[in-house]
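Per-entry structural report
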Amino acid sequence: MQDYNVFVINLDSATERWKYYENKGWNRWAATHYNDLPDDDPIFKEMVSMWNIPPEEHNAKCACYISHTALWEHIIKNDLKNVLVLEDDAYQINELPNIDDLPTDSLTYFGGITYNNRLTDGPLSVDLDEGLNNIDYSKYRMIMLLSYFIPNRRVAYKMLQSARERGRPRAIDVMVKYSHINHYLYYPAIFVEKPMQSQIRNKKVRFSDSKYNSVKSQEVMQEIKFFEEEKNKLFK
């Protein structure tokens, strides 16, 4: 079985978040904070946001866009393979699939939320098969880049191309939809979104669960608790 090459996107200041990962032997990718950017960086004006979005949330979207695309560039330049990208609130509750069973020409989500194609219509619960599901963009879309698998630099290049060549940037999870590759999700999700203070939206109260739904924090914590209890039984 091939090994995953794991990168966790983590702000230098988010030391508490990194503690969950630091002993796993995974790579830390230093996230960009908007304060790291010059005030006149073009992305602040180019990024498309709703008219009523708080300025700090807009700026955080810009930094998130840069954090992910910079990692994709790293994958391309260094010809990396079997890359699993995690944001630092991703919490593993299911076993990773065998890499040999995953498509080599596609992006595969291991966590996130299924959404209506019109984002203002909100989340959409979707009936999914166990294992790999080819995302049907005529029915729903994915949001969040909580956890996703990039098999090789060709896929990373297509993702970067979709972000860089479609005019003004938008939230990076939105732009991934337009990359010219197949998109899959693995069900149930391998990673859920651990409830904690969002680094983009201060008032966030709902999080992604193993069914790719947007749920209250208590429901995600119940899943995490169940996973931890089952894991502890195995090591008794």
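To start, this report covers the structure provided alongside it.

Examining the pairing of strand β9 (residues 147-150)
In β9, alternate side chains face the same way, and those of S147 and F149 on one face and Y148 and I150 on the other are all buried. Where strand β3 (residues 83-87) lies against β9, 4 bridges are found, and the strand directions are antiparallel. Counted as the bridge partner of L86 is S147 from β9. Pairing of strand β5 (residues 106-109) with β9, which is carried by 2 bridges, proceeds in the antiparallel orientation. Paired with Y109 across the two strands is Y148, which belongs to β9.

A closer look at the pattern of salt bridges
Throughout the structure, instances matching the rule amount to 9 salt bridges. Measuring nitrogen to oxygen at the nearest pair gives 2.8 Å for the salt bridge that ties K19 to E16. Here R153 and D79 are joined by a salt bridge, their closest N and O atoms 3.6 Å apart. Taken together, the residues R153 in helix α4 (residues 153-164) and D79 in the loop between α3 (55-77) and β3 connect sequence positions 74 residues apart. We classify R153 as partly exposed; its relative accessible area is 40%.

With respect to the sheet that holds β5
Adjacent strands of a sheet form backbone hydrogen bonds with each other and so pair up, either parallel or antiparallel. Across the sheet, 7 strands lie side by side as β2-β1-β3-β9-β5-β10-β7; this open sheet has mixed pairing. Among the strands making up the open sheet, the edge pair consists of β2 (27-30) and β7 (131-134). Averaged over all pairs of adjacent strands, the angle between their axes in this sheet comes to 30 degrees, without regard to strand direction. Across 4 bridges, strand β1 (residues 5-10) lies against β2 in parallel orientation. By the bridge assignment, V8 is partnered in β2 with R28. Of the strands in this sheet, β5 and β9 touch α4, which is tilted by about 120 degrees from β9.

Concerning unusual backbone geometry
Among all residues save glycine, negative phi is the norm, and among peptide bonds the norm is trans. Residue P188 follows Y187 across a cis peptide bond; omega there is -5 degrees. For P188, the location among the structural elements is in the loop between β10 (182-187) and β11 (191-193). Positive phi values are uncommon outside glycine, yet M144 reaches one of about 80 degrees. Note on placement: M144 falls in the loop between β8 (141-143) and β9.

Quick notes on the packing of aromatic side chains
Enumeration according to the criterion identifies 9 aromatic pairs in this entry. With 6.3 Å between their ring centres and 75 degrees between their planes, F7 and W29 make a pair best called edge-to-face. Note that F7 is positioned in strand β1 and W29 in strand β2, a separation of 22 residues in sequence. Accessibility assignment for this pair places F7 and W29 in one class, buried. Taking 4.8 Å as the distance between ring centres and 75 degrees as the angle between the ring planes, the aromatic pair formed by Y20 and Y21 counts as edge-to-face.

Digging into the nonpolar core
Ranked by internal contacts, the top residues of the largest apolar core, which has 46 residues, are W72, Y109, Y148, I150, M159 and L185. Residue contributions to this core peak at 9 residues, all from α3. If we skip the residues at most four places from it in the chain, W72 touches L145, Y148, I150, A156, M159, L160, A163, I172 and V176. Judged by nonpolar contacts, the second largest core, of 19 residues, contains L102, Y115, I143 and I190.

Some remarks on the pairing of β1
With 5 of its 6 residues buried, β1 lies for the most part within the structure. As paired elements, β1 and β3 share 5 bridges and run parallel to each other. Bridge pairing in β3 links N5 to V83.

Considering the side chain of S162
Relative to the helices and strands, S162 resides in helix α4. A residue is classified by how much of its surface remains accessible, and S162, at 4% relative accessible area, is buried. In this structure the side chain of S162 is engaged in a polar contact, spanning 2.6 Å, whose partner is the backbone oxygen of M159. If we ignore the near neighbours within four places in the chain, the residues touching S162 are M175, V176, Y178 and S179.

Here is what the cut-offs are and how they apply
- In every chain, residue numbers begin from 1 and rise along the written sequence.
- Selection of residues for local features in this predicted model requires a pLDDT of at least 70, selection of side-chain atom pairs for listing and counting requires 80 or more, and totals for whole chains, interfaces and linings are taken over all residues.
- Water and hydrogen atoms were dropped before computing side-chain values, which therefore reflect all heavy atoms in the structure.
- Buried, partly exposed and exposed residues are distinguished by accessible area as a fraction of the type maximum, computed with a 1.4 Å probe on protein chains only: under 20%, between the cut-offs, and over 50%, respectively.
- We count a stretch as a helix when DSSP gives it H or I for four or more residues in a row; a strand needs E for two or more, and each element gets its number in order from the N terminus.
- Two strands are counted as paired when DSSP detects at least two bridges linking them.
- One speaks of a salt bridge when a side-chain nitrogen belonging to Lys or Arg is within 4 Å of a carboxyl oxygen belonging to Asp or Glu.
- Working convention: axes come from line fits to C-alpha atoms, limited for helices to the stretch in contact. Angles between N-to-C directions cover 0 to 180 degrees.
- The contact rule is simple, with two residues in contact once any of their heavy atoms fall within 4.5 Å.
- Paired rings are identified among Phe, Tyr and Trp, the last through its six-membered ring, by centres lying within 6.5 Å, and are further divided according to the angle between planes into stacked (under 30 degrees), edge-to-face (over 60) and tilted (the rest).
- For the purposes of this section, nonpolar cores are sets of buried Ala, Val, Leu, Ile, Met, Phe, Trp, Tyr and Cys residues that join through side-chain atoms within 4.5 Å.
- Here a polar contact is taken to be a pair of N or O atoms separated by no more than 3.5 Å, where protein atoms must pair a possible hydrogen donor with a possible acceptor and residues adjacent in sequence count only if both atoms sit in side chains.

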